[in-house]
Amino acid sequence: MTDSPDWPNIMQAVHHSAKPHFGSGKVADYIPALACIDPHKFGMTVALGNGEMHCIGDTDEAFSMQSISKIFTLALALQIYGDDLWKRVGREPSGSAFNSIVQLESEKGIPRNPLINAGAIVTTNHLVQHYSENSAHPQGAVGQLLALLQDQAGDKSIAVDEAVALSESETGSRNRSLAHFMSGFGVVQGDIERTLSSYFRQCAVAISCRQLARAALFLAFDGCDPVSGKRVLSSRRCRRINAVMMMSGHYDNSGDFAYRIGLPGKSGVGGGILVVAPGYGTVATWSPGLNEAGTSMVGAIALEELVRKTGWSIFV
Ligand code: GLU
């Protein structure tokens, strides 16, 4: 990559390559509150280590964070529990759908990784248990997640969309099944409904591309925000979160995403994708139409063009 890339030009090229595909893919209608989102929306923000932000499209419109929240709850749980977290959740790719239950029976209720639904429910269960026992944090696990996002993004407006959370709870039979099944193995502990409520609300956080790219910048700089200098995570843990994202960030589409984009990333069924370019910055895209695995179709196309233009890859 050149020392001073022509960012306006790069962002225009990304938009140009994505535009013919606007509206393709299928919006996640299994959560009724998401079914009405306009599939033609598209936004992208690149946040760089020097504080520059480059934006194009619907970059300030809040969308449902969904599974991208799993990265931040993983960061919070690793801060509290350290490597003990890995006793109840693995770190192998699943090769299965995001809400699959099939591996849990043969693997004694221990989910393959923290980025599939079962694994994220276990991570959230750790946070719920910790914060409900800790009166210094009355806002609970979701409050801590919001505080992390708001502090890192420098934007207090990031909030839970309660209508989306309710919609997901009302249609959340698969996630309830996962949680109860894991509880039968002692992997999910304590109050299951409380954990599920926290999980549904974390998924329902509404965030824009600009806010998301900025909030995640510490992941590209060894756990330390390069603009504020604030350390969020140790460099060792940050690298490990990026490794898990690289292998498992897109469910059974993770191999294809690594092949095409070559950077750690996490997708959500709200149509967002967060990508980390270590040493350079972060990218957040949003376009609601999903492929079969639940990754934004247009977002992935736009990211392919971005890495082509910038040369960003962890394989350089
Ligand atoms: N809230 C979604 C669910 O649990 C998350 C799935 C996703 O974004 O991939 O079904």
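The structure this text deals with has already been given above.
Rules behind the numbers
- As a convention, each chain's residues are numbered from 1 in the sequence order in which they are written.
- It should be noted that, the model being predicted, local features are given only for residues of pLDDT at least 70 and side-chain atom pairs only at 80 or more, the latter also being counted only at that level, while totals for whole chains, interfaces and linings use all residues.
- The basis for every side-chain value is the complete set of non-hydrogen atoms in the structure, without hydrogens or water.
- At least two DSSP bridges between two strands are required for those strands to pair.
- Secondary structure counts use DSSP, requiring at least four H or I residues in a row for a helix and at least two E residues in a row for a strand, with both numbered from the N terminus.
- If a single non-hydrogen atom of a residue is within 4 Å of a molecule or strand, that residue counts as near it.
- Any pair of nitrogen or oxygen atoms within 3.5 Å is treated as a polar contact; in protein, a donor-acceptor pairing is required on top of that, and neighbouring residues in sequence qualify only through side-chain atoms on both sides.
- Areas reported here follow the Shrake-Rupley algorithm with a probe of radius 1.4 Å; residue values treat only the protein chains shown as occluding.
- Gly is put with the polar residues, along with every residue not named as nonpolar or charged; the nonpolar set is Ala, Val, Leu, Ile, Met, Phe, Trp, Tyr, Cys and Pro, and the charged set is Asp, Glu, Lys and Arg.
- For this analysis, a nonpolar core means a set of buried residues of the types Ala, Val, Leu, Ile, Met, Phe, Trp, Tyr and Cys, connected via side-chain atoms within 4.5 Å.
- Here the term buried applies to any residue with accessible area under 20% of the maximum for its type, exposed to any over 50%, and partly exposed to those in between, with areas from a 1.4 Å probe on protein chains only.
- Throughout, a contact is declared for two residues whenever any of their heavy atoms are within 4.5 Å.
- Under the convention used throughout, the expected extent of a helix is 1.5 Å for every residue step, that is, one less than its residue count.
- Think of each axis as a best-fit line through the C-alpha atoms, taken over the contacting stretch in the case of a helix, with angles from 0 to 180 degrees between the N-to-C directions.

Can you break down the sheet that holds strand 3 (residues 63–64) residue by residue, with the values?
With respect to topology, 3 strands assemble into an open sheet ordered 3-5-4, the strand pairing being antiparallel. The strands lining the two open edges of the sheet, one partner per strand, are strand 3 and strand 4 (159–160). Bridge analysis of strand 4 against strand 5 (residues 205–207) gives 2 bridges, and the strand direction is antiparallel. Across the sheet, the residue bridging to valine 160 is valine 205, located in strand 5.

Would you mind going over the site of the ligand in detail, with residue names and values included?
In the region of the ligand, the neighbouring residues are Tyr30, Gln66, Ser67, Phe98, Asn117, Glu168, Asn175, Tyr199, Cys203, Tyr251, Gly268 and Val269. Side-chain polar atom of serine 67 to an oxygen atom of the ligand: 2.8 Å apart, as the coordinates give it. Separating a nitrogen atom of the ligand from a side-chain N or O atom of glutamate 168 is a distance of 2.4 Å. Against a free-state accessible area of 300 Å², the protein chains account for coverage of 99% of the ligand. Here the residues of the shell around the ligand sort into 6 nonpolar, 5 polar and 1 charged.

Break down unusual backbone geometry for me, with residues and values.
The phi dihedral of glutamine 66 falls on the positive side, at around 50 degrees, and the residue is not glycine. Within the element layout of this structure, glutamine 66 appears in the loop between strand 3 and helix 2 (69–81). Phi is positive for aspartate 222, close to 55 degrees, though the residue is something other than glycine. Considering the arrangement of structural elements, one finds aspartate 222 in the loop between helix 9 (209–215) and helix 10 (235–248).

Break down the nonpolar core for me, with residues and values.
Phe72, Leu149, Met182, Leu212, Leu219 and Ile241 are the most contacted members of the largest nonpolar core, which has 74 residues in total. Sequence-distant contacts of leucine 212, defined by excluding residues within four places in its chain, comprise Phe63, Met65, Ile68, Phe72, Ile207, Leu274 and Ala284. Listed in part, the 24 residues of the second largest apolar core include Phe257, Leu263, Val275 and Leu306.

Give me helix 2: which residues, what numbers.
Between its first and last C-alpha, helix 2 extends 18 Å over 13 residues, near the 18 Å set by a 1.5 Å rise per residue. Counting buried residues along helix 2, 10 of its 13 residues qualify, which places the element largely inside the surrounding structure. Three or more residues of helix 2 are buried, namely Ser69, Lys70, Ile71, Phe72, Thr73, Leu74, Ala75, Leu76, Ala77 and Leu78. Phi turns positive one or two residues past the end of helix 2, at glycine 82, with a value near 55 degrees.

Please provide a residue-by-residue account of the sheet that holds strand 6 (residues 265–267), values included.
Note on sheets: strands pair through backbone hydrogen bonds, and any given pair is parallel or antiparallel. Judged by pairing direction, the sheet is antiparallel, and its 5 strands sit side by side in the order 2-1-8-7-6 without closing on themselves. Unpaired on one side and paired on the other, strand 2 (53–57) and strand 6 mark the two borders of the sheet. For this sheet the average axis-to-axis angle between neighbouring strands, irrespective of direction, equals 10 degrees. Two elements, strand 1 (residues 43–48) and strand 8 (residues 281–286), share 6 bridges in a ladder whose sense is antiparallel. From the neighbouring strand, threonine 45 faces strand 8, where its bridge partner is alanine 284.

Please give an account of the pairing of strand 1 that cites residues and values.
Within strand 1, 6 of the 6 residues are buried, which leaves it mostly tucked inside the rest of the structure. Side chains Gly43, Thr45 and Ala47 of strand 1 all project onto a buried face; the interleaved residues Met44, Val46 and Leu48 project onto the opposite face, where all are buried too. Where strand 1 and strand 2 come together, 5 bridges link them in antiparallel fashion. Within the sheet, the bridge partner assigned to methionine 44 lies in strand 2 and is isoleucine 56. Counting the residues between successive antiparallel strands, the hairpin from strand 1 to strand 2 contains 4 residues, one of them, glycine 51, with a positive phi of roughly 95 degrees.

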